[in-house]
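Listed below, chain by chain, are the residues.
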Amino acid sequence: RAPPAAAEPGVTAIQTLPELAGPVLVIAPHMDDESLGCGLLLAGHLRKEGLHLLFATDGSHSPEPTAGAPEAVRRQLALTREQEAREAMAVLGVPAGNVTFLAFEDGTLATCKGALRASLVEHIGRVGASAVLVPSRCAEDLYAGWWRLIAQLGAVPRVLVWDGEAAVGRWR
C-alpha cells in the first residue's frame, strides 16, 4: 500500500495500517470501544476466523454510572451490555467463539492490575496473536496504564494503541 499523502499544515496524516497477518486480538476496555476504535478494520478484515475480541470490563456502570444502584440492576445492565457486544461482533463478522469477556467491574481496572495482567498473558498466549489492537479513550480506569502491560509482555510483535473516541467526541 502506498503511504498517505502529506497532510496540510497543522493536520496529522493518518498512517496506513500494515497488513495484519495471523491472529489479531482486539482488547477493548469497555463494550463499544472496539466498534468506535477499530470497527472498520474488523468489518474489512478478510480472515474473520483470525479475529479475536477480549472485553476487559463488565459494562455494569455504562453508559451511565450506576453508583448506589442495587446489585441486580448492575448485573442486568452487564448482561445487556454483553449481549449488545455479541450482536455487534456478529455484525462485524467476528466468530462468536472468538469473543471473550473478562468481566472486571467497570471503573476497577486500576485496582486489578495483577489479575488483569495474568488474564492478558493467558489470553494472548492462547490466541497466539500476531498483533494486538487496543482501542482506547480518555477514561480514568484506562489511565491506570494497563495497556502498557501488553507491550511489556513481549508476547506479540506489534501493539497498536490509539484514541478512538477523540475523533468522535466525548459522550459524557
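What counts and how
Counting of residues starts from 1 at the beginning of each chain's written sequence and follows it residue by residue. Restriction of local features to residues with pLDDT of at least 70 applies here, the model being predicted, together with a cutoff of 80 or more for giving and counting side-chain atom pairs; totals for whole chains, interfaces and linings are based on all residues. Values shown for side chains rest on all heavy atoms present in the structure; no hydrogens or waters enter the calculation. Throughout, nonpolar core names a set of buried Ala, Val, Leu, Ile, Met, Phe, Trp, Tyr and Cys residues whose side chains join them through atoms within 4.5 Å. Here's how the labels work: a residue is buried when its accessible area is under 20% of the maximum for its type, exposed when over 50%, partly exposed in between, all with a 1.4 Å probe on protein chains only. Comment: elements are numbered from the N terminus, with helices defined as DSSP H or I runs of at least four residues and strands as E runs of at least two. The term salt bridge refers to a pairing of a side-chain nitrogen on Lys or Arg with a carboxyl oxygen on Asp or Glu at a separation within 4 Å. Helix span, as expected, comes to 1.5 Å for every residue beyond the first. Relevant arc is that of directions from the helix axis to the C-beta atoms, nothing else. Note on definitions: a residue-residue contact is assigned when non-hydrogen atoms from the two residues lie within 4.5 Å. Only strands that DSSP links by at least two bridges are regarded as paired with each other. Here the term right-handed applies to a crossover when the path leading from its first strand over the helix to its second strand runs clockwise, the strands being oriented away from the viewer.

Moving on: the nonpolar core. One finds Leu 42, Leu 53, Phe 55, Met 89, Val 99 and Leu 133 to be the most contacted residues of the largest nonpolar core, which totals 19 residues. Elements with a minimum of two residues in this core: strand 1 (24-28), helix 1 (33-44), strand 2 (51-57), helix 2 (71-92), strand 3 (99-104) and strand 4 (131-136). Counting residues in each nonpolar core, the second largest holds 14 residues, with Ala 56, Leu 120, Val 127 and Val 134 among its members.

Considering all chains together, one arrives at six salt bridges under this definition. Taking the shortest distance from any N to any O, the salt bridge between Arg 74 and Glu 71 comes out at 2.5 Å. In this pair, Arg 74 and Glu 71 both sit in helix 2, three residues apart, roughly one turn of the helix. Note on Glu 71: relative accessible area 42%, which makes it partly exposed. Between Arg 75 and Glu 71 there is a salt bridge, with the nearest N and O atoms lying 3.0 Å from each other. Taken together, the residues Arg 75 and Glu 71, both in helix 2 and four residues apart, mark about one turn of the helix. The structure contains a network of salt bridges with shared partners spanning Asp 58, Glu 71, Arg 74 and Arg 75.

With that settled, consider helix 2. With 22 residues, helix 2 ought to run about 32 Å at 1.5 Å a step, and its terminal C-alpha atoms sit 31 Å apart, in line with that. Those residues of helix 2 that sit buried are Arg 74, Leu 77, Ala 78, Arg 81, Ala 85, Met 89 and Leu 92. Projected onto a plane normal to the axis of helix 2, the buried residues spread over an arc of 110 degrees and lie on a single side. Facing away from the buried side of helix 2, by more than 90 degrees, are the exposed residues Ala 72, Leu 79, Ala 90 and Val 91. Residues of helix 2 that are buried sit in contact with helix 1, strand 2 and strand 3. Positive phi shows up at Gly 93, right after helix 2, with a value of about 90 degrees.

It is worth spelling out the pairing of strand 2 at this point. Where burial is concerned, most of strand 2 is hidden: seven out of the seven residues are buried. Where strand 1 meets strand 2, five bridges bridge the pair, whose relative direction is parallel. Pairing of Val 26 across the sheet is with Leu 53, part of strand 2. With respect to chirality, the unit in which strand 1 leads through helix 1 into the neighbouring parallel strand 2 is right-handed. The pairing of strand 2 with strand 3 spans four bridges and is classified as parallel. By the bridge assignment for strand 3, Leu 54 is matched with Thr 100.

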